[in-house]
Amino acid sequence: MRKTITGTGGMLLLQTLKDAGVEYLFTNPGSAETGIFAALAEAEEHRLVVGKHEGLVAAMADGYHRISGEVGVVIAHVMGGSYQLAGQLFNAQHAGSALVVIAGDWASELQDFRGLAPHPGLSQAESMRPLTKDARAAYTVVADPKAIPVATARALREASTPPMGPVYLSISASLLNREGLEAEIGEGAGYRIEPPAAARPQTIETIARRLGAAQCPVLMFGDDVWRGGAAAEAVRLAELLHAPVFPSRQVFVNFPNRHPLYCGMYPVSKDFEKTMGLKPDLLFLVGCQGVHGAVTEPSVMQIGPNPVLMGRHYPLDLAAQCDVKTTLQAVVEALTRLHGAETVSGWAKRREKVAAYAKTLIEREEKLAREHEGDAVIHPAVLEAHLADVLPRETVMVQESSTARTTLLPFGHGGMTWTRSGGGSLGFGVGAAIGAKIAVGRERPVVLHLGDGALGYSAMGFWTMARYKTAMLIVVSNNESYQIVRHNWANQMPDSKMVRDGKYPGLTLGAPMVDYVGLARAQGVEGEAVTKAKELETALRRGLERVTKENRPYLLDISVAREGIGADATWDQDWEL
């Protein structure tokens, strides 16, 4: 069904978004988008979520998309404002998040420069291209109003079709403001393309035969398992084969990390090979972008909806672009059909050894927490253990800390939902947690766990939390340093004077100390500082009660011990004006 719309360019845009089912618009308002906001004030058919920085807003849309599955739509600003999105669009691009960023454009041949607009000879959309899906999904609408719904539907379709990613749409500000424009819009316009189906029967049989014949197959489940709702199928395959699971870099937990077959991050450790008495001979990647690092197994198979990163730096014996869920279902059926009872029972012999190894990972972490429970400064493993005890299974956790410990927390199928930044550009956590809370509503608690270094990039998001009552528990692991950077420096240059003398320039964040509780309170979010382990459990339960029963965000600024090489280093350059 199609209908003709008459109004401003802003009205054409909002009607297209409405017909496509878009409910929320994430924004930091700008003057080049006057026509959009004037149309919004007239119709009020979208919920506006305002943030005080474009990067924060992009992270909100990303978090909303990841948890809801819907496209996150950002109303940004001209080139200068759009550039503020860069770090979080990089994260969204790397994570494969479906975002559509829409901005007004002041480009004109009759002026040299206007405010934040491009200089002559530069295109606003082209300048954003490196941060979009496949570095190509950037579109411009300059003169023809009929192109507004066409380009908007195209952007929504492009963002949500695998391989997913952010799309940038630049629309002339004069078109957005102009009255009396006319365009045809598809009523109830669908913008999703049907994804790939299951792999071909011949391919499924080949996968099943090779998995069944392997002496020690290793399974790796990537983010398209979570996105495709195939977590139960992943567990079923692993349990049928009694095969170890080793994830690589991921933005979701795609296989439950407390499962007896979960054996830690890839690559396969030497300790695992000693425990098993076998060397892995086949790697089966399911719904992964690829492996973060080298691949050592002699045989590699890969399936998933996104072929872009398949086998780019390692050879594949089999590769199939396909739907993950239905293909896994078919592989499980083929395994039981093609392999006799004796073979299947032989697979079960692996389970005891795999489970024994997996158990050592948990026991090691539990022991660490016990050893440090009486420390003067809260050890990260102690915080981890308390979070595991206190948080309910329906929790959604957004994490922005590379050093926060998570082994004891039950994430994945049957447990808590977890997501983190894809590209590692700081400033993701606060916005993403707001978006995640909007996605789940009051039904599920949201916990934001981030470091003090990350919080410094996005603390203005407390204002947005308070304004929209996006109730969440904010846990700040405050070690007064950029710990992950110190670890990386020490790994890369272990023999340097910097590492020998414990002098890490620029990594100390505690001089002066930042009052994060006061910073949050100034923007309408209450909280408390926690400095002693004996106070930790009570504070966590109190914070969770404020969030779930009083429906308001609450911050815990938790002083945690630094870990690893250079943990005691506090040196920094001593100078002042």
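Residues numbered from 1 in each chain as written. Predicted model: local features only at pLDDT ≥ 70, side-chain atom pairs only at ≥ 80, totals over all residues. Heavy atoms only, no water.

1. Some details on the packing of aromatic side chains
Heads up, the rule is: Stacked, tilted and edge-to-face pairs are distinguished by plane angle, under 30 degrees for stacked and over 60 for edge-to-face with tilted covering the rest, among Phe, Tyr and Trp rings (Trp via its six-membered ring) whose centres lie within 6.5 Å. Runs of H or I in DSSP of at least four residues are treated as helices and runs of E of at least two as strands, each being numbered from the N terminus. Categorising residues by exposure relies on relative accessible area from a 1.4 Å probe, with only protein chains included: less than 20% of the type maximum marks a residue as buried, more than 50% marks it as exposed, and the intermediate range marks it as partly exposed. In this analysis the charged atom, NZ for Lys or CZ for Arg, is taken to sit over a ring once it is within 6 Å of the ring centre and within 35 degrees of the ring normal.
Tallied over the entire structure, the rule returns 8 aromatic pairs. Summarising the aromatic geometry, the rings of Phe26 and Tyr64 are spaced 5.6 Å apart at their centres and angled 50° between planes, so their arrangement reads as tilted. Of the two residues, Phe26 is situated in strand E2 (residues 24–27) and Tyr64 in helix H3 (residues 54–68); the sequence distance between them amounts to 38 residues. Both residues of the pair, Phe26 and Tyr64, count as buried. Aromatic rings pair up to connect Tyr24, Phe26 and Tyr64 into one cluster. Of note, Arg154 hangs over the ring of Tyr139, and the distance from its end group to the ring centre comes to 5.3 Å.

2. Some remarks on helix H9 (residues 201–213)
Since there are 3.6 residues in each turn of an α-helix, residues three or four apart along the chain are aligned in direction. This is how the line gets drawn: A helix is expected to span 1.5 Å multiplied by its residue count minus one. Working note: the arc is built from the helix axis to C-beta atom directions.
Given a rise of 1.5 Å per residue, 13 residues ought to cover 18 Å, and the 18 Å separating the end C-alpha atoms of H9 matches this to within 8%. For H9, every residue scored as buried is listed here: Thr203, Ile204, Ile207, Ala208, Leu211 and Gly212. Mapping the buried residues of H9 onto a view down its axis gives an arc of 160°, with all of them on the same face. Across H9 from its buried face, at more than 90 degrees, point the exposed residues Gln202 and Ala213.

3. Considerations on the sheet that holds strand E12 (residues 318–321)
Within a sheet, adjacent strands bond to each other through the backbone by hydrogen bonds, running parallel or antiparallel. Which entries qualify depends on this criterion: Strands are labelled as partners when DSSP assigns at least two bridges between them. A fitted line through C-alpha atoms serves as each axis, taken over the contacting stretch for helices, and the angle formed by two N-to-C directions is quoted from 0 to 180°.
If you walk across this open sheet you meet the 4 strands as E9-E10-E11-E12, and the pairing is parallel. What marks the edges here is a single partner per strand, and that holds for strand E9 (217–221) and E12. When the angles between neighbouring strand axes are averaged without regard to direction, this sheet yields 10°. As paired elements, E9 and strand E10 (residues 282–286) share 5 bridges and run parallel to each other.

4. Side note on the sheet that holds strand E18 (residues 554–559)
Strand order in the open sheet formed by 6 strands is E14-E13-E15-E16-E18-E17, with parallel pairing between adjacent strands. Two strands in the sheet have a free side with no partner beyond their single neighbour: strand E14 (417–420) and strand E17 (526–530). Ignoring strand direction, the axes of neighbouring strands in this sheet form an average angle of 15°. Relative to strand E16 (residues 473–478), strand E15 (residues 446–451) runs parallel, the two being bridged by 5 bridges. Looking at the pairing, Val447 lines up with Leu473 of E16.

5. Describing the layout of surface pockets
If a probe as big as a water molecule is rolled over the atoms, it shows which places are left empty. We apply this condition: As defined here, a cavity is a set of points on a 1 Å grid over the protein atoms alone where a 1.4 Å probe fits but cannot get out. A pocket is an open set with protein on both sides within 12 Å along at least five of seven lines, and residues line them when an atom is within 4 Å of a point. Grid points are joined across faces, edges and corners, and a volume is the space filled by probe spheres set on the points. Each residue gets one of three labels, nonpolar for Ala, Val, Leu, Ile, Met, Phe, Trp, Tyr, Cys and Pro, charged for Asp, Glu, Lys and Arg, and polar for the others, Gly among them.
Reported here for the largest pocket is a volume of approximately 1,700 Å³. Together, 50 residues line the largest pocket, and Gln399, Ser401, Ser402, Thr403 and Ala404 are the ones closest to its centre. Residue assignment for the lining of the largest pocket shows that the elements contributing at least two residues are helix H14 (341–372), helix H15 (380–390), strand E13 (396–400), E14, E15, helix H17 (452–455) and helix H19 (483–492). Its residues placed into classes, the lining of the largest pocket shows 18 nonpolar, 23 polar and 9 charged.

6. Describing the environment of Ile474
The line we're drawing: In this description, contact between two residues means that some pair of their heavy atoms is separated by no more than 4.5 Å.
Counting through the fold element by element, Ile474 comes out in strand E16. Assessed through its relative accessible area of 0%, Ile474 is described here as buried. Taking the C-alpha atoms as reference, Ile474 lies 37 Å from Ile171; in sequence the two are 303 residues apart. With near-sequence residues (within four places) excluded, Ile474 lies in contact with Leu448, Leu450, Phe462, Met465, Val525, Pro553, Tyr554, Leu555 and Leu556.

7. Some words on the nonpolar core
We count it as follows: By convention a nonpolar core is built from buried Ala, Val, Leu, Ile, Met, Phe, Trp, Tyr and Cys residues, the set being connected through side-chain atoms within 4.5 Å.
Ranked by internal contacts, the top residues of the largest apolar core, which has 55 residues, are Leu211, Leu219, Leu237 and Phe284. In this structure, Leu131, Ala433, Leu450 and Tyr516 belong to the second largest nonpolar core, which totals 50 residues.

8. Here's the deal with the pattern of salt bridges
The following threshold applies: Between Lys or Arg on one side and Asp or Glu on the other, a salt bridge is scored when a side-chain nitrogen of the former is within 4 Å of a carboxyl oxygen of the latter.
Applying the stated rule across the entire model yields 21 salt bridges. Between Glu158 and Lys133 there is a salt bridge; the shortest N-O distance is 3.7 Å. Of this pair, Glu158 sits in helix H7 (residues 147–160) while Lys133 sits in the loop between helix H6 (124–128) and strand E6 (138–141), placing them 25 residues apart in sequence. Comparing Glu158 with Lys133, the two get one shared label, buried. Here Lys325 ties to Glu233 by a salt bridge, and the two come within 3.2 Å at their closest N and O atoms. In this pair, Lys325 sits in helix H13 (residues 324–338) while Glu233 sits in helix H11 (residues 231–241), placing the two residues 92 residues apart along the sequence. One salt-bridge network, in which partners are shared between bridges, spans Glu205, Arg209, Glu333 and Arg337.

9. Some words on helix H18 (residues 461–468)
Those residues of H18 not exposed but buried are Gly461, Phe462, Thr464 and Met465. Projected down its long axis, H18 carries its buried residues within an arc of 160°, all on one side.

10. Comments concerning the side chain of Thr417
Examined against the element boundaries, Thr417 turns out to sit in strand E14. With near-sequence residues (within four places) excluded, Thr417 lies in contact with Ile67, Trp226, Thr395, Val396, Met397, Phe411 and Arg444.

11. Describing the environment of Pro217
Structurally, Pro217 is set in strand E9. Take Pro217: its relative accessible area is 0%, and that puts it in the buried class.

12. Notes on the packing of H3 against helix H5 (residues 86–95)
Applicable threshold: In this scheme, roughly parallel covers angles under 35 degrees and roughly antiparallel covers those over 145, while 65 to 115 is roughly perpendicular and the rest are oblique.
Remark: H3 packs on H5, axes separated minimally by 8 Å, with the N-to-C direction vectors making an angle of 25°. Taken together, the axes of H3 and H5 are roughly parallel relative to one another. Here Gly55, Ala58, Ala59, Asp62 and Arg66 of H3 lie close against H5, whose contacting residues are Gln88, Asn91, Ala92 and Ala95. Tallied by class, the residues present in the contact of H3 with H5 amount to 4 nonpolar, 3 polar and 2 charged.

13. A word on the packing of H11 against H13
To keep things clear, this is the line we draw: Handedness of a crossing follows from how the near helix is turned relative to the far one, being left-handed for an anticlockwise turn of less than a right angle and right-handed for a clockwise one.
In contact at an axis separation of 9 Å, H11 and H13 are set at 20° when each is read in the N-to-C sense. For the element pair H11 / H13, the angle class is roughly parallel. H11 and H13 meet at a crossing whose hand is left-handed. Side by side, H11 and H13 meet where Glu233, Ala234, Arg236, Leu237, Leu240 and Leu241 of the first sit next to Lys325, Leu328, Gln329, Val331, Val332, Leu335 and Thr336 of the second. Split by residue class, the contact of H11 with H13 holds 8 nonpolar, 2 polar and 3 charged.

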